[in-house]
Amino acid sequence: MPEGDALYRFAGRVHGALAGKVIRAARSHGPGPVPQVERLIGATCLGARSVGKNLVIEFDNGLSLRGHLRMYGTWHVYRPGQRWSRPEREARLVLEVDDAVVVNFSAPVVELLETRALPVYRPLAGLGPDLLAEEFDAAEALARFRDPLRADLTIGDALMDQRVMAGVGNIWKHETLFRCRQYPWARVRDLSDEQLLKLIETARNLLLASVGRPNAFGLQRRPEMYVYMRAGQPCRRCGTRLRSARQGVDIRYTTWCPTCQAPAAGSVSAPPPPEAPHRPG
């Protein structure tokens, strides 16, 4: 699933292609075509921005588009007449301006909304602080971790909760936990504020590094993967063989180092290893 850093990059490309330009054509394909998308024809695009894992495009006629890519969606930008890299049948939304064609492929969620409704629209208003926002509020993210309803969540699940802080997906969950030496199945209630703030800071810096913005790591490129997709391989820090087990409501695999991310006394144990081969996460 594209994460906050991927949406940030997509938004930059879409903004560069559409901002300040008049929409000359707009069309949508199924399944679930975007109702009344033709209302955008003749409107001027005010810009595109990412909000966590969402992409929002605003127009001067009071309308906005919201897209969520889920697992397989993507945004492409082409020159007029340029051959697309994917077939037209996979295009969910097409927006054309004089010098560019913006195509959304395969996103399950693309919807047309009134811009004035965005601040109270639940899929956006319910999000926690955006990790890539200039005004990111770490104290607010900590307060959301401390919501009593999240006390029994494992920290691996809580990091993925977009209502806590927006932008972390499976990749940066893995890498944040490893860099903080945090066992993925530790309960939120058992972590100190200091530990949670370190996780928040690390997640933000990883995403900032991934999009090439200034960060505490001083990285100007996508950070190296220490555990994601490396189950069964030696830890790059200590050499211990990395383990992997199912975690979360979608039961994807979480990989961790049993030495660098050892559980504290009383922690919940990770599920047993799978009986059949799996694609490690």
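A. The packing of aromatic side chains, seen in detail. Scanning all chains against the criterion turns up six aromatic pairs. On the basis of an interplanar angle of 85 degrees and a centroid distance of 6.0 Å, the ring pair of W84 and F105 is categorised as edge-to-face. One end of the pair, W84, is in the loop between strand 5 (74-78) and strand 6 (91-97); the other, F105, is in strand 7 (residues 100-105), with 21 residues separating them in the sequence. Accessibility expressed as a relative area gives 18% for W84, which makes it buried. Here Y183 and W256 contribute two aromatic rings whose centre-to-centre distance is 6.4 Å and whose plane-to-plane angle is 75 degrees, an arrangement assigned as edge-to-face. With a gap of 73 residues between them, Y183 in the loop between helix 5 (170-179) and helix 6 (193-210) and W256 in strand 10 (residues 252-256) connect regions that are remote in the sequence.

B. Broad picture of the pairing of strand 4 (residues 63-68). Across the six residues of strand 4, six count as buried, placing the element largely inside the fold. Neither face of strand 4 is left uncovered, since the one carrying L63, L65 and G67 and the one carrying S64, R66 and H68 both have all their residues buried. Bridge count for strand 3 (residues 54-59) against strand 4 is five bridges, and the pairing is antiparallel. Among the inter-strand pairings, L55 is bridged to a residue of strand 4, identified as G67. Hairpin geometry of strand 3 and strand 4 is characterised by an intervening segment of three residues between the two adjacent antiparallel strands and by a positive phi of about 85 degrees at G62. Where strand 4 lies against strand 8 (residues 109-114), six bridges are found, and the strand directions are antiparallel. From the neighbouring strand, H68 faces strand 8, where its bridge partner is V109.

C. Structural view of the nonpolar core. Of all hydrophobic cores here, the largest spans 30 residues; its most connected members are L18, I57, L65 and L95. For this core, the secondary structure elements donating two or more residues are helix 1 (4-18), strand 2 (45-51), strand 3, strand 4, strand 6, strand 7 and strand 8. The leading source of residues in this core is helix 1, at seven residues. Discounting chain neighbours no more than four positions away, the residues touching L95 are L18, I23, A25, A26, L40, I57, F59, L65, A100, V101 and V102.

D. Spotlight on the side chain of N54. Note on placement: N54 falls in strand 3. Of the polar contacts made by the side chain of N54, one reaches the side chain of R66; its length is 2.5 Å. Among residues more than four places away in sequence, those in contact with N54 are L7, R49, R66, G67, H68, P123, L124 and L127.

E. Molecular detail of the sheet that holds strand 2. In space, the four strands of this open sheet follow the order 2-3-4-8, with antiparallel pairing throughout. Two strands bound the open sheet, and with one partner strand each, they are strand 2 and strand 8. Recorded for the sheet is a direction-independent mean angle of 20 degrees between the axes of neighbouring strands. Pairing of strand 2 with strand 3, which is carried by six bridges, proceeds in the antiparallel orientation. Paired with S50 across the strands is L55, a residue of strand 3. Seen against the sheet, helix 1 touches strand 2 and strand 3 and runs at an angle of roughly 175 degrees to strand 2.

F. Representation of the pattern of salt bridges. In this structure the tally under the stated criterion is 19 salt bridges. Taking the shortest distance from any N to any O, the salt bridge between R9 and D5 comes out at 3.7 Å. Of the two residues, R9 and D5 are both situated in helix 1; the distance of four residues between them amounts to about one turn of the helix. A relative accessible area of 29% places R9 in the partly exposed class. In this structure, K21 engages D99 in a salt bridge whose closest nitrogen and oxygen atoms are separated by 3.0 Å. Here D99 lies in the loop between strand 6 and strand 7 and K21 lies in the loop between helix 1 and strand 1 (25-28), a separation of 78 residues in the sequence.

Thresholds, definitions, all that
Residues numbered from 1 in each chain as written. Predicted model: local features only at pLDDT ≥ 70, side-chain atom pairs only at ≥ 80, totals over all residues. Heavy atoms only, no water. Phe/Tyr/Trp six-rings, centres within 6.5 Å; stacked < 30°, edge-to-face > 60°. Helix = DSSP H or I, 4+ residues; strand = E, 2+ residues; numbered from the N terminus. Buried < 20%, exposed > 50% of the residue type's maximum accessible area, 1.4 Å probe, protein only. Pairing = 2+ DSSP bridges. Core = buried A, V, L, I, M, F, W, Y, C linked by side-chain atoms within 4.5 Å. Contact = heavy atoms within 4.5 Å. Polar contact = N/O pair within 3.5 Å; in protein donor to acceptor, adjacent residues only side chain to side chain. Axes fitted to C-alpha atoms, helices over the stretch in contact; angles between N-to-C directions. Salt bridge = Lys/Arg side-chain N within 4 Å of Asp/Glu carboxyl O.

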